[in-house]
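Reading the structure
Each chain, letter by letter, is given below.
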Amino acid sequence: MPLRRKIWFLMTGTVFLKSVKAQIGHQVSKTKTVQARTLSSLWNEDLLFVAAEPFDEHLILTVEDRVGPGKDEVIGRIIIPISHVDRRADDRPIPPRWFNLEKPVLVDMDLLKKDKFSSKIHLRVCLDGGYHVLDESMNYSSDLRPTIRQLWKQSIGILELGVLNAEGLHPMKTRDRKGTSDTYCVAKYGHKWVRTRTIVDSLFPKYNEQYTWEVFDPATVLTIGVFDNGQLGDKGQNSNKDLKIGKVRIRISTLETGRIYTHNYPLLVLHPTGVKKMGELHLAIRFSCTSFTNMLYQYSRPLLPKMHYVRPLTVIQQDILRHQAVKIVAMKLGRAEPPLRVEVVEYMSDVDSHLWSLRKSRANFFRLMSVFLGLFGAVKWFGDVCMWRNPITTVLVHSLFLMLVCFPELILPTVFLYMFLIGVWNYRYRPRYPPHMNTRISQAENIHPDELDEEFDSFPTSRSPDFVRMRYDRMRSLAGRIQSVVGDIAAQGKRFQALLSWRDPRATAIFITFCLVAAVILFVTPFQVLAALAGCHIMRHPRFRHRLPSWPLSFFRRLPAKTDTML
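In what follows, the accompanying structure is described. These figures come from a predicted structure and were not determined experimentally.

To continue, consider the overall build of the protein. Helices and strands together make up the secondary structure of the protein, namely 14 helices and 20 strands. For 567 residues, the compact-globule estimate of 2.2 N^0.38 gives 24 Å, and the C-alpha radius of gyration of the protein, at 31 Å, exceeds that figure by more than 25%. Across its three principal axes, the protein shows a C-alpha extent of roughly 95 × 75 × 60 Å. For the protein, the proportion of its 567 residues judged to be buried stands at 37%.

Put into C-alpha cells, the structure is as follows:
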C-alpha cells in the first residue's frame, strides 16, 4: 500500500496597514504589535506556513487592535483560498497586492461572500516550491529535493526493499493466556510511505513483500519500523495505540551498487526501564545505480536546494515548520486505507529528537571525543618521539623532517600519499553490512533509571516539584562545568588579544620588541635553517629538557584575561 504526501511552504508578508494574525487550519502565527498614531500601520514581516496539496484550505488573516491588557478587538478579516495563490520556484520578488478587509463577522462562507469593505491591507502571498519541507530530522532525512517538481534532477538509481520476516518478537499483548503480537511493517523513503499487511497472532511473522523507490541523492536514509496493531483483539490498556516494536535506518550511501544485502537487523527500543531487544527483522536490500556519472556529481552539489542558502530559514523557523509538517503528514496518512496512526508517523519521523536528554548529550560528547581521538593519538605519538622512547623511530622522524625542510615541495604530496595509503589499508576492514542501531554509541547500555525517567517525561514536565528541583540542581552542576571550560577558552583568547592591546604595558613592550628582533632574524636567515633548528629543538633529547614550563608559555600565562573585571 503506497502512501504519498507532498507539502509546500506558504509565505505571507504584511507590508503596509496594530497586529495581524494569520491562520491555516491548526497553524496560527502572529506579527508583532505596532503602535500607530495614524490610521495606517507598518509591519513588514514574513510569516511562514506549511500547506499540503491539493490546497483545499484557506489563509485567514485577521487585523486586531489592542484595546486593553490581554484584550484584542478585530478590525477586519480576509480569507484567501490557497489554491489561488501564486507559486514560485526561486527567489524572484513577489509583487505585493492590496486586499480588502471585511468587517468582523462569524467565519461563515455564505456571509463572507457579501461585500463588507472596511479597509485595505498590503500583502505578499506566495507558495514557495524552491524549499525542501523538512518533516524529519536532517541527520537522517529520506529526501532532500525541492517541493516543486520542475526543479528535480534526474534520478541516480533504484532502491529495492524486501521485507521478509521477523524473528523472536517480544509479545505485546495476551490472547488465550498466551503472549502474542499482531504486527505490520512501515517503510518510508522520500514522498512514498508503504505498509505491509498485518500478520495476526504470530511472534515469527512472514511478510514477503517487496517495494521500490527512485533514489535522487545517496546521502539519504531509508527507515523501516515494526508496530503492533492495537486495533485488533480485545480492548486493553493500549487498545487505542499501535505500539512500537523497533525500527531500522539504512543510509543509501553505505550500500554498494548492485549488491543484494540480506541481513537480520536487531529491533532495539529504549523503554523507561532501559534498552530492550524486541526481536529481529530480516530484510533484503539492493541499490541499483542507473547513472554513475550523476551519482558522483551529487557529491559535489549542495545538500539542500538553492533557496535554503539564498534565503535561509532560522533554526526556530525550521523547528516550528517541521512540527507543522509532521502534523500534516500524520493527518494525510491517517485518511489512507489502511490508515497510519499518529503515533506511527511521529515515531518514524523522530518528532521528539530535538528534546533534551542527558543520555544523548553524553553520547554526543563521546562522539566528539572519538573525532579528536586520532589527533590525541598523534600528539601522544609525537610526545613519545620527542622523549626518545624509541630511538630508531625518533631518528627516522628527524631524517624525514630534515628532508621535508630541505625540499618543502614534497610536503603536500607526502601528506596526500599517506592518506591514500591509509585508505587502501582500511579497505580490508570495511563494513560488510549496513550499520544498525548501536547501543554503545547511544550510551543506552548502562544508563541511570532517573535519566531514563527524565528522557521519557512529558513536555512540560508532569513530575513533582521535588523531582524537578533535583534535576534542576543536577543541570546546574553540569552547566557549571561547561561554564568553567568555556571561561578557560575565553581567557586564552583574551590573552592573545592582550599581546598588542597594552593592557599590560610591560608585557606588550616585551612582545613588540621580540617581534622586531624576530623580523630582522627571519629576514636575514633562510627559512629552511630556522625550521630545521626549531624542529630539532622541539624533538631534542630528554637530557636537554627540564620539567618547568618554557618561558614563552610562562609569559603567555601571565597576560591579563579580564577575568578580574567580571562580577
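This brings us to the nonpolar core. Across soluble globular proteins, nonpolar side chains have a tendency to be buried as a group. In terms of nonpolar packing, the biggest core is built from 45 residues, with Leu159, Leu161, Trp213, Leu281 and Leu283 touching the most fellow members. Among all residues touching tryptophan 213, those that are not within four sequence positions of it are Gly157, Ile158, Leu159, Leu161, Ala187, Tyr189, Lys192, Val194 and Leu222.

A separate point is the packing of aromatic side chains. Tallying each qualifying case throughout the model produces 10 aromatic pairs. For the ring pair phenylalanine 496 and phenylalanine 556, a centre distance of 4.9 Å and an interplane angle of 55° mean the geometry is tilted. In this pair, phenylalanine 496 sits in helix α11 (residues 465-498) while phenylalanine 556 sits in helix α14 (residues 551-557), placing the two residues 60 residues apart along the sequence. Accessibility expressed as a relative area gives 16% for phenylalanine 556, which makes it buried. Centroid distance phenylalanine 514 to tryptophan 551: 6.5 Å. Interplanar angle 80°. Geometry classified as edge-to-face. Of this pair, phenylalanine 514 sits in helix α12 (residues 505-524) while tryptophan 551 sits in helix α14; the two residues are 37 residues apart in sequence, bridging distant segments of the chain. An aromatic cluster is defined as three or more aromatic residues linked by ring pairs; in this entry it consists of Tyr184, Phe227 and Tyr347.

Looking now at unusual backbone geometry. With an omega of 15°, the peptide bond between glutamate 53 and proline 54 qualifies as cis. In this model, glutamate 337 is joined to proline 338 through a cis peptide bond whose omega is -5°. Positionally, proline 338 belongs in the loop between α4 (315-334) and α5 (342-349). The backbone phi angle of asparagine 208 is positive, close to 55°, even though this residue is not glycine. Topologically, asparagine 208 is positioned in strand β16 (residues 206-215).

Here the focus is the pairing of strand β4 (residues 27-30). Of the pairings in the sheet, the one linking strand β3 (residues 19-24) to β4 comprises four bridges and is antiparallel in character. Its bridge partner lying in β4, alanine 22 is registered against serine 29.

The next subject is the sheet that holds β16. Read across the open sheet, the four strands follow the order β16-β11-β20-β19; overall the sheet is antiparallel. Strand pairing shows two members of the sheet lacking a second neighbour, β16 and β19 (260-271), which therefore form its edges. Strand-to-strand twist across the sheet, computed as the mean angle between neighbouring axes with direction ignored, equals 30°. With 10 bridges connecting them, strand β11 (residues 157-167) and strand β20 (residues 274-289) associate as antiparallel partners. Opposite glutamate 160, over in β20, you have arginine 286 as the bridge partner.

What follows is about the environment of leucine 333. The residue leucine 333 is located in helix α4 in this model. Sequence separation between leucine 333 and tryptophan 193 is 140 residues; the distance between their C-alpha atoms is 8.7 Å.

The subject of this paragraph is the pairing of strand β17 (residues 221-228). A regular strand carries its side chains on alternate faces of the sheet. Of all the eight residues making up β17, eight are buried; the element is thus mostly covered by neighbouring parts of the structure. Across the two faces of β17 the burial is the same, with Val221, Thr223, Gly225 and Phe227 and Leu222, Ile224, Val226 and Asp228 all buried. The pairing of strand β14 (residues 183-189) with β17 spans six bridges and is antiparallel. Paired with lysine 188 across the two strands is threonine 223, which belongs to β17. Pairing between β17 and strand β18 (residues 243-251): eight bridges, direction antiparallel. Directly across from glycine 225, in β18, lies its bridge partner lysine 247.

Taken together, the side chains of Phe365, Phe366, Leu368, Met369, Val371, Phe372, Leu373, Leu375, Phe376 and Val379 present a nonpolar region at the surface, about 970 Å² in accessible area. Of all the secondary-structure elements, those providing two or more residues to the nonpolar patch are α6 (358-371) and α7 (373-386). At five residues, α6 tops the list of elements feeding residues into the nonpolar patch. Within the secondary structure, leucine 368 is located in helix α6.

With that out of the way, let us pick up the pattern of salt bridges. As enumerated under the stated definition, the model contains 30 salt bridges in all. Residue arginine 124 is joined to aspartate 46 by a salt bridge in which the shortest nitrogen-to-oxygen separation is 3.2 Å. With arginine 124 in strand β10 (residues 117-128) and aspartate 46 in strand β5 (residues 45-52), the pair connects residues that are 78 residues apart, well separated along the chain. Where arginine 474 meets glutamate 454, a salt bridge forms, and the shortest distance between an N and an O atom there is 2.4 Å. Taken together, the residues arginine 474 in helix α11 and glutamate 454 in helix α10 (residues 449-455) connect sequence positions 20 residues apart. Overall, the relative accessible area of 25% leaves arginine 474 in the partly exposed class. Residues joined by salt bridges that share partners form a network here, namely Asp450, Asp453, Glu454, Asp457, Arg463, Arg471 and Arg474.

Moving on, we get to the packing of α4 against α5. One way to put it is that α4 packs onto α5 with a least axis distance of 9 Å and a crossing angle of 135°. Relative to α5, α4 is oriented oblique. In this structure, the crossing between α4 and α5 has a hand that is right-handed. Along its contact with α4, which presents Arg322, Val326, Val329, Ala330 and Leu333, the element α5 presents Val342, Val345, Glu346 and Ser349.

Our focus in this paragraph is helix α8 (residues 391-406). With 16 residues, α8 ought to run about 22 Å at 1.5 Å a step, and its terminal C-alpha atoms sit 23 Å apart, in line with that. Among all positions of α8, only Thr394, Val397, His398, Leu404 and Val405 are buried. Buried residues along α8 cover an arc of 135° about the axis, so they all sit on one side. Residues Ile392, Leu396 and Cys406 are exposed on α8 and point more than 90 degrees away from its buried face. The elements touched by buried residues of α8 are α7, α9 (411-426) and α13 (527-538).

On to the state of the cysteines, then. Tallying each qualifying case throughout the model produces zero disulfides. The thiol of cysteine 406 is unpaired, and the distance to the nearest cysteine sulfur, on cysteine 536, comes to 10 Å. Owing to a relative accessible area of 52%, cysteine 406 belongs among the exposed residues under this scheme.

Topologically, alanine 561 is positioned in the segment after α14. Of the residues examined, alanine 561 reaches a relative accessible area of 10% and is grouped as buried. Between the C-alpha atoms of alanine 561 and lysine 494, which are 67 residues apart in sequence, the distance is 4.9 Å. Not counting the four nearest positions on each side in its chain, alanine 561 is found in contact with Ala491, Lys494 and Arg495.

Rules used throughout
- Residues numbered from 1 in each chain as written.
- Predicted model: local features only at pLDDT ≥ 70, side-chain atom pairs only at ≥ 80, totals over all residues.
- Heavy atoms only, no water.
- Helix = DSSP H or I, 4+ residues; strand = E, 2+ residues; numbered from the N terminus.
- Rg over C-alpha atoms; globule rule 2.2 N^0.38 Å.
- Buried < 20%, exposed > 50% of the residue type's maximum accessible area, 1.4 Å probe, protein only.
- Core = buried A, V, L, I, M, F, W, Y, C linked by side-chain atoms within 4.5 Å.
- Contact = heavy atoms within 4.5 Å.
- Phe/Tyr/Trp six-rings, centres within 6.5 Å; stacked < 30°, edge-to-face > 60°.
- Pairing = 2+ DSSP bridges.
- Axes fitted to C-alpha atoms, helices over the stretch in contact; angles between N-to-C directions.
- Patch = residues over 30% accessible without salt bridge, like charges linked within 9 Å, V, L, I, M, F, W, Y side chains within 5 Å.
- Areas by Shrake-Rupley, 256 points an atom, 1.4 Å probe, with all protein chains shown as cover.
- Salt bridge = Lys/Arg side-chain N within 4 Å of Asp/Glu carboxyl O.
- Parallel < 35°, antiparallel > 145°, perpendicular 65-115°, else oblique.
- Left-handed = near helix turned anticlockwise from the far one by under 90°.
- Expected span 1.5 Å × (residues − 1).
- Arc of directions from axis to C-beta.
- Disulfide = S-S within 2.5 Å.

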